[in-house]
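So you can see what is in the structure, the chains are spelled out below.
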Amino acid sequence: MAINLQKGQREAINAPKFTVGLGWDTNNSSTGSAFDLDASIFILGDNKKLPADEFFVFYNNPKSPDGAVEHTGDNLTGAGDGDDEQIIVDLSKIDPRVTEICIVVTIHEAESRRQNFGQVRNSFVRIFDAATNTDILKYELEEDFSIETAVEFGRIYKKDNNWKFEAVGAGMKGGLQDYLTKYN
């Protein structure tokens with residue numbers, strides 16, 4: 001049975017291979033434009049920076065150089081139930097410099113479309129065993145992000161040689177650029 005996390009809660013991940021599923025629903029009628037939410041993964045070292053540009057994984061760079069993190073593709077609409085985007089993680093392949101994997105979701109062209117996470121609901125991040133489709137951890141974001149265009153859903157980090165997940169749920173209003181600036 002999955003462990004349902006609250007914001008700020010941390011839990012050990014006792015599996016070297018797993019999939020991160022991200023989901024959301026949008027209110028398209030509020031802006032007249034379709035939403036396109038994108039998952040981005042920042043793979044960081046001890047200094048909270050990318051070891052190299054290739055450790056920024058997203059739909060145009062779907063695989064980390066060590067092969068440990070793979071984005072399965074961009075969902076342009078978010079329609080339907082279940083995961084909207086997925087990331088496959090194999091911690092047995094992780095570069096030894098890596099100590100954190102940050103999971104961020106942004107709204108594509110949010111400013112020009114006048115969209116923000118206040119128009120997004122039912123957001124979640126889950127970690128599951130792909131072989132059995134069994135949830136290990138799940139975090140349902142309940143905050144109201146009325147001005148933010150990017151949200152860090154969660155992070156996977158290494159502590160005392162063990163990997164853990166933290167339910168973050170923190171937003172930024174500068175979109176993806178804020179995170180690129182923060183982690184470069």
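These lines cover the structure that appears in this document, whether it is placed above or below.

How each quantity is defined
- Residues numbered from 1 in each chain as written.
- Predicted model: local features only at pLDDT ≥ 70, side-chain atom pairs only at ≥ 80, totals over all residues.
- Heavy atoms only, no water.
- Helix = DSSP H or I, 4+ residues; strand = E, 2+ residues; numbered from the N terminus.
- Rg over C-alpha atoms; globule rule 2.2 N^0.38 Å.
- Buried < 20%, exposed > 50% of the residue type's maximum accessible area, 1.4 Å probe, protein only.
- Areas by Shrake-Rupley, 256 points an atom, 1.4 Å probe, with all protein chains shown as cover.
- Lys, Arg positive; Asp, Glu negative; His and termini not counted.
- Charge placed at Lys NZ, Arg CZ, Asp CG, Glu CD.
- Phe/Tyr/Trp six-rings, centres within 6.5 Å; stacked < 30°, edge-to-face > 60°.
- Lys NZ or Arg CZ within 6 Å of the ring centre and 35° of its normal.
- Arc of directions from axis to C-beta.
- Contact = heavy atoms within 4.5 Å.
- Pairing = 2+ DSSP bridges.
- Axes fitted to C-alpha atoms, helices over the stretch in contact; angles between N-to-C directions.
- Core = buried A, V, L, I, M, F, W, Y, C linked by side-chain atoms within 4.5 Å.

### Focus on the overall build of the protein
Phase 1: Looking only at helices and strands, one finds two helices and twelve strands in the protein.
Phase 2: Ordered by position from the N terminus, the helices and strands of the protein form the series β-β-β-β-β-β-β-β-α-β-β-β-β-α.
Phase 3: Computed over its C-alpha atoms, the radius of gyration of the protein comes to 15 Å, within 12% of the 16 Å expected for a compact globule of 184 residues.
Phase 4: Dimensions along the principal axes, computed over C-alpha positions, put the protein at roughly 45 × 35 × 25 Å.
Phase 5: Relative to its 184 residues, the protein shows a buried fraction of 49%.
Phase 6: Accessible surface computed for the protein: about 9000 Å², of which carbon and sulfur atoms make up 45%.
Phase 7: Averaged over its 19 positive side-chain charges, the protein has a centre that lies 5 Å from the centre of its 30 negative ones.

### A word on the packing of aromatic side chains
Given two aromatic rings, their pairing is described by the distance between the two centres and the angle made by the two planes.
Phase 1: Here the structure, examined in full by the defined rule, presents six aromatic pairs.
Phase 2: Where phenylalanine 42 meets phenylalanine 56, the ring centres are 4.8 Å apart and the plane angle is 25 degrees; that geometry is what we call stacked. Taken together, the residues phenylalanine 42 in strand β4 (residues 37–45) and phenylalanine 56 in strand β5 (residues 56–57) connect sequence positions 14 residues apart.
Phase 3: Here phenylalanine 42 falls in the buried class, since its relative accessible area comes to 0%.
Phase 4: A relative accessible area of 10% places phenylalanine 56 in the buried class.
Phase 5: Between phenylalanine 56 and phenylalanine 58 the ring centres are 4.6 Å apart and the planes differ by 20 degrees, which places this aromatic pair in the stacked class. Each member of the pair phenylalanine 56 and phenylalanine 58 is classed as buried.
Phase 6: In this structure, lysine 138 packs its charged tip against the face of phenylalanine 124, placed 4.6 Å from the ring centre.
Phase 7: The lysine or arginine in question, arginine 155, covers the ring of tyrosine 157, its NZ or CZ lying 4.2 Å from the ring centre.

### Focus: helix α2 (residues 175–183)
Phase 1: Within the sequence span of α2, burial applies to Gly175, Tyr179 and Tyr183. Across the axial projection of α2, the buried residues extend over an arc of 100 degrees, all falling on one side.
Phase 2: Elements that come into contact with the buried residues of α2 comprise β4, β8 (98–107), β11 (150–159) and β12 (162–172).

### Let's talk about the sheet that holds β11
Phase 1: Reading across the sheet, the six strands line up as β2-β12-β11-β8-β4-β5 and stay open at both edges, with antiparallel pairing between neighbours. The outermost strands of the open sheet, each flanked by one partner alone, are β2 (10–12) and β5.
Phase 2: Two elements, β4 and β5, share two bridges in a ladder whose sense is antiparallel. Following the sheet pairing, phenylalanine 42 is matched in β5 by phenylalanine 56.
Phase 3: Its contacts with the sheet place α2 against β4, β5, β8, β11 and β12, and it is angled at close to 30 degrees to β11.

### Concerning the nonpolar core
Phase 1: Core analysis: the biggest nonpolar cluster contains 50 residues, and Val20, Leu22, Phe42, Phe117, Ile156 and Phe165 have the highest contact counts within it.
Phase 2: Residue contributions to this core peak at seven residues, all from β8.
Phase 3: Setting aside residues up to four positions removed in sequence, valine 20 forms contacts with Glu85, Gln86, Ile87, Val89, Ile103, Val125, Arg126, Ile127, Phe128 and Ile156.

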